[in-house]
Amino acid sequence: MSPEAHSAPRSLAEALRARDDASLAGLLRSRPDLITPVPTDLTQLATRAGTRASVLRALERLDRFALQTAEALAVAPDPASYDTLLGLMAGDAGDEAVADALPRAVGTLREQALVWGDDDRLRLVRTARELLAPSPQHPSPTGLGPTVQEATSGMSPGRIQEIVSTAGLPSTHDSVSAVTALTGLFTHRKKMAKLLAGAPEPAREVLSRLVWGPPYGQVTAEPAAHLRWLLDRGLLLPTAPGTVVLPREVALHLRAGRAHRTPEPQPPAVVPAAAHSPQVVDATAAGQAYTALATVEELLKDWDEGGPAVLRAGGLSVRDLKRTAVALDVSEPVAAFWAELTYAAGLIASDGEVDERYAATPAYDEWLEQPPAERWARLAHTWLTATRTPGLVGGRDAKDRALSALGPGLDRSAAPEVRHRVLALLAGLPRGAAPDAESVLARLRWERPLRGIQRDGEDDLRSRLARWTLSEAELLGVTGRGALAAQGRALLGAPAAAAGSDSARSATAGTGAPSSAGPGDKLPVHHHRTPDRLAPLSAAEQAVATAAAARLLAPLLPEPLDHVLLQADLTAVAPGPLRRPLADMLDVLADVESKGGATVYRFTPGSVRRALDAGRTAADLHAFLTEHSRTPVPQPLAYLIDDVARRHGHLRIGAASAYVRCDDDALLNEILADKRAAALRLRRLAPTVLAAPTDPATLLDGLRAMGYAPAAESAEGDVLISRAHARRTPPRTAPEPVPEGPPPPDATLLGAAIRAIRAGDLAATAPRKPAGEPLAGGELPRTSSAETLATMQAAVLTGDSVWIGYVNAEGAASQRVIAPIRVEGGFVTAYDHTADEVRTYPLHRVTGVAELADD
């Protein structure tokens, strides 16, 4: 190890230079913005790590205690020792929990490159100090104000001497020593206690109101006696006309040395609210999963003949969302969830026509052919990883525009991380335990406090995302009765037998017994797993986890049936899920009357006509019902089919604009005489033909509304068969999630980036022997062509490495450390330490060369 690694670093770049590759990889993995693009050396990496945008992102990812530690360093002297920091966090009386947790918090800040230096000289990066240190415009979360030195910076020397004298200190010859003496008094516990012992009671009350912040107060031009007592001794210092501040040193004395009123070294426990049998949880979740599949299929069938129109700004109209909610028999927010999930999975999309409408995609037909468990797994994977956020539907965006289902503005990059984290916390509870929702929210706020700020009395986005996650997971069948099901654990990549965690343990710490979810319900606590180990999975790992979830769910789903029970009241009862050919045909032949454990279908003249329009004959329908009914076909149903079939197609509709033809002229006379046909404006062209100035579809619907059963025909006179499931969009890809900043780099990219940074740093910091005339600023020395060639040839013979300047074909200059292997034909072939590979360079592009120093 170099001597530099042993000495205290003088900058963040030197601190990064002393790290090993594993530590650098951890930094780049946790702050991926630092690697985009790859820095040329460690100095550039340190500079980038100190930019305002990057520091803000890093601070937002700190947990509450690590952030409190950074806030304490922002009000500590710069640099501060570890003992000073411990005093600010634990106070004069000490706090064992804080003392135990502080090394982890400091380690986190160091790993994130927010703090550097040894324990005796801890330094918060300058940008973080600027963001967290108190100022009149941005009060510190600690509630502390400026130091005595900062507060007196604009005060006259005479006034400072008056304060020093009144406080009982000897006068000094200059303001600097006077401020130092006053600071020494305020930081001396015994002397300050003696000073405050003589304070009037109202003065003490004023200090108690300001001590935990905000530290600013208002005074009149003629302050009261107790305020004057404080002002005369510098316990309150003026900052502007009519405004005073409590100096930081005074506040810390009153707080017994603590920077925070309530340090939070440990995360709040996720508390179990109820306990259920794991088998009950899995069965309940499986039932919800089946319902989810049925709901998605029903939504797509409802939109099969062409879904709702696309708004000009994109998305569904409020009216269409209400109609969809009625069709699905759910509330509008739940309907928005199913529509968004189906859209995110690529099963619906805009058809792209002039009259743009939503419709099923070809991927929907492929999805229908998959086994039920695999179809559910696709929906669950989509939900877990999508950034589309259905809970925002009905709200307003930053420009006060309404947010509509399937419309723009619903992506929230934090959604996947919050969903995964909520499920991971549920996975940390004992199996079958449902969490208390508020304890989950409290945990999330502790883990990301800067993102958990409440505004105007409503929950922050992460809390709302967590609430939506809990309800959506139940709708989808990831949880059952509020507890994570087996397929939900598998979806996270957790072992099926995963059990209690640190959150469950902390819920029972100090009680000596398991926590109780209810009378007689005791939750077992297991100690071999923590939820923090359930990190987000890579794409390949997530695919494996999704397949495992499907395998666990498959045996829990009900087996599809191949029969129904026909009843004399023109209904059919499906006692369970039906096989696809049977379900598809029954959807055409009958209307769903009620859903639940058993689905009730009703046969009507309109539904039977729909089956006949799809190309079925009366004989086909009789055979179908006889084959798939466990009860005899009731006579009323047989009569209904025969009656509708006898009248079906007796009238024929074609394009003239439109015409009606029928061999029975008496029937046409009846239509013409019917007052309800006046709107169709029919006229007779021949004894068996009527014409109308409207399109065939309108004429068809009009006659059907009058009680007739016409059939459409082609230009050749053949009956047109209208088949269901015909409308599909062109091939569409599912919407891509919107990531939150650059994605975390994989191991390959990390390894290559660290090698490049190390090599660039070697080139930038390698000690060199002076050669030739140095450039301005002492940069790369320039050498003549002859000197360059001679130095290169000598390096080939000795095997030494040299430092060169190089300008590529685009004119970009760089510096490199190379070990020349061969020099011939105007080129040098060398091992480039910067690129970590053998390269060939034209000699005329080498601006200069220098030998590396011996050490």
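Residues numbered from 1 in each chain as written. Predicted model: local features only at pLDDT ≥ 70, side-chain atom pairs only at ≥ 80, totals over all residues. Heavy atoms only, no water.

Participant: Help me get a handle on the overall build of the protein, residues and values and all.
Facilitator: Assigned secondary structure in the protein consists of 35 helices and 27 strands. Here the protein holds 855 residues, and 46% of them are scored as buried. (Helix = DSSP H or I, 4+ residues; strand = E, 2+ residues; numbered from the N terminus. Buried < 20%, exposed > 50% of the residue type's maximum accessible area, 1.4 Å probe, protein only.)

Participant: Kindly report on helix H5 (residues 52-60), identifying the contributing residues and their values.
Facilitator: All of the buried residues in H5 are Ser54, Val55, Ala58 and Leu59. The arc enclosing the buried residues of H5, seen along the axis, measures out at 135 degrees, which places them on a common side. Those residues of H5 that are buried lie in contact with helix H4 (42-49), helix H6 (64-74) and helix H9 (126-132). (Arc of directions from axis to C-beta. Contact = heavy atoms within 4.5 Å.)

Participant: Explain the packing of aromatic side chains residue by residue, including any values.
Facilitator: Applying the stated rule across the entire model yields 4 aromatic pairs. Just above the ring of Trp367 sits the side chain of Arg375; from NZ or CZ to the centre is 5.3 Å. (Phe/Tyr/Trp six-rings, centres within 6.5 Å; stacked < 30°, edge-to-face > 60°. Lys NZ or Arg CZ within 6 Å of the ring centre and 35° of its normal.)

Participant: Run through the sheet that holds strand S24 (residues 813-824), naming residues and quoting values.
Facilitator: In a beta sheet, neighbouring strands are held together by backbone hydrogen bonds and run either parallel or antiparallel to one another. One open sheet accounts for 5 strands, arranged S26-S25-S24-S23-S27; its pairing is antiparallel. Looking at the sheet topology across the chains shown, the edges are occupied by strand S26 (837-842) and strand S27 (846-851). Averaged over all adjacent pairs, the angle separating strand axes in this sheet is 45 degrees, with direction ignored. Pairing of strand S23 (residues 802-807) with S24 involves 6 bridges; the strand directions are antiparallel. Looking across to S24, one finds that Gly805 is bridged to Gln815. (Pairing = 2+ DSSP bridges. Axes fitted to C-alpha atoms, helices over the stretch in contact; angles between N-to-C directions.)

Participant: Account for the sheet that holds strand S5 (residues 243-245), with residues named and values stated.
Facilitator: Pairing is antiparallel across the open sheet formed by 3 strands, whose spatial order is S3-S5-S4. Two strands lie at the open edges of the sheet, namely strand S3 (216-218) and strand S4 (237-240), each paired on one side alone. When the angles between neighbouring strand axes are averaged without regard to direction, this sheet yields 40 degrees. Taken together, the 3 bridges between S3 and S5 define a ladder with antiparallel strand orientation. Counted as the bridge partner of Gln218 is Thr243 from S5.

Participant: Got a sec to walk through the environment of Leu195? Specific residues and values, please.
Facilitator: The residue Leu195 is located in helix H13 (residues 189-197) in this model. For Leu195, a relative accessible area of 12% gives the class buried. For Leu195 and Gly168, which are 27 residues apart along the polypeptide, the C-alpha to C-alpha distance reads 8.7 Å. Not counting chain neighbours up to four residues away, the residues in contact with Leu195 comprise Ala167, Leu185, Phe186, Trp229, Arg233 and Leu235.

Participant: Which residues make up the pattern of salt bridges, and what are the values?
Facilitator: This model, assessed by the stated rule, comprises 37 salt bridges. For Asp63, the salt bridge identified is with Arg104, shortest N-O distance 3.1 Å. Pair noted here: Asp63 is in the loop between H5 and H6 and Arg104 is in helix H8 (residues 96-111), with a separation of 41 residues, a long-range link. Where Arg431 meets Asp282, a salt bridge forms, and the shortest distance between an N and an O atom there is 3.4 Å. Here Asp282 lies in helix H17 (residues 278-302) and Arg431 lies in the loop between helix H22 (415-427) and strand S9 (433-435), a separation of 149 residues in the sequence. Residue class for Arg431 comes out partly exposed when judged on its relative accessible area of 26%. Classification of Asp282 as buried rests on a relative accessible area of 12%. One connected set of salt bridges, linked through shared partners, spans Arg159, Glu162, Arg228 and Asp232. (Salt bridge = Lys/Arg side-chain N within 4 Å of Asp/Glu carboxyl O.)

Participant: For the side chain of His648, give the residues involved together with the corresponding values.
Facilitator: Looking at where His648 falls in the secondary structure, it is placed in the loop between helix H31 (635-647) and strand S18 (652-654). At 2.7 Å, the side chain of His648 forms a polar contact with the side chain of Asp613. When neighbours within four sequence positions are excluded, His648 is seen to be in contact with Arg609, Leu612, Asp613, Ala709 and Ala711. (Polar contact = N/O pair within 3.5 Å; in protein donor to acceptor, adjacent residues only side chain to side chain.)

Participant: An account of the confidence of the model for the protein is needed here, citing residue identities and associated values.
Facilitator: Detailed reading of the predicted coordinates is not advisable wherever pLDDT falls low. Averaged over the protein, the pLDDT score is 84; the fraction of residues at 70 or greater is 89%. Predicted confidence is poor over residues 497-532, with pLDDT under 50, and the contacts of this stretch with residues over four places away or in other chains come to 75 contacts. (pLDDT = per-residue confidence, 0-100.)

Participant: Can you break down a negative patch on the surface residue by residue, with the values?
Facilitator: A contiguous patch of negative charge on the surface is contributed by Asp663, Asp664, Asp665 and Glu670. Mapped onto the fold, Asp664 is located in the loop between strand S19 (658-661) and helix H32 (665-673). Residue classification places Asp664 among the partly exposed residues on the basis of a relative accessible area of 32%. (Patch = residues over 30% accessible without salt bridge, like charges linked within 9 Å, V, L, I, M, F, W, Y side chains within 5 Å. Areas by Shrake-Rupley, 256 points an atom, 1.4 Å probe, with all protein chains shown as cover. Lys, Arg positive; Asp, Glu negative; His and termini not counted. Charge placed at Lys NZ, Arg CZ, Asp CG, Glu CD.)

Participant: Which residues make up the environment of Val828, and what values go with them?
Facilitator: Relative to the assigned elements, Val828 resides in strand S25 (residues 827-832). As a C-alpha pair, Val828 and Thr840 span 12 residues in sequence and 5.6 Å in three-dimensional space. For Val828, the residues in contact, after removing those within four places along its chain, are Met792, Pro820, Arg822, Val823, Arg839, Thr840, Tyr841 and Leu843.

Participant: Which residues make up the environment of Leu293, and what are the values?
Facilitator: Examined against the element boundaries, Leu293 turns out to sit in helix H17. Separated by 82 residues in sequence, Leu293 and Arg375 place their C-alpha atoms 7.5 Å apart. Leu293 has contacts with Trp367, Pro372, Arg375, Trp376 and Leu379, leaving out every residue within four places of it along the chain.

Participant: Explain unusual backbone geometry residue by residue, including any values.
Facilitator: Cis rather than trans, the peptide bond between Thr36 and Pro37 has omega equal to -10 degrees. Even without being glycine, Asp400 reaches a positive phi, approximately 65 degrees. Mapped onto the elements, Asp400 comes out in the loop between helix H21 (372-385) and H22. Since its relative accessible area comes to 52%, Asp400 is described here as exposed. Backbone geometry at Arg681 places phi at a positive 55 degrees, although glycine is not the residue there. Here Arg681 lies in the loop between H32 and strand S20 (683-686).

Participant: Which residues make up the packing of helix H11 (residues 157-166) against helix H12 (residues 175-186), and what are the values?
Facilitator: Packing of H11 against H12 brings their axes to within 10 Å, and their N-to-C directions diverge by 30 degrees. Crossing geometry of H11 relative to H12 is assigned as left-handed. Contacts between H11 and H12 involve Pro157, Ile160, Gln161, Ile163 and Val164 from the former and Ser175, Ala178, Val179 and Leu182 from the latter. Looking at side-chain class alone, the contact of H11 with H12 contains 7 nonpolar, 2 polar and no charged residues. (Left-handed = near helix turned anticlockwise from the far one by under 90°. Nonpolar A, V, L, I, M, F, W, Y, C, P; charged D, E, K, R; others polar.)

Participant: Now, about the nonpolar core: what can you tell me, with residues and values included?
Facilitator: If you look at the biggest cluster of nonpolar residues, it comprises 90 residues, and the most contacted ones within it are Phe186, Leu235 and Leu236. A per-element tally of this core places H6 first, with 7 residues. Those residues in contact with Phe186, other than ones at most four positions away along the chain, are Val148, Met192, Leu195, Arg233, Gly234, Leu235, Glu249, Val250 and His253. Ranked by size, the runner-up nonpolar core spans 68 residues in total, among them Ala289, Leu293, Leu392 and Ala405. (Core = buried A, V, L, I, M, F, W, Y, C linked by side-chain atoms within 4.5 Å.)

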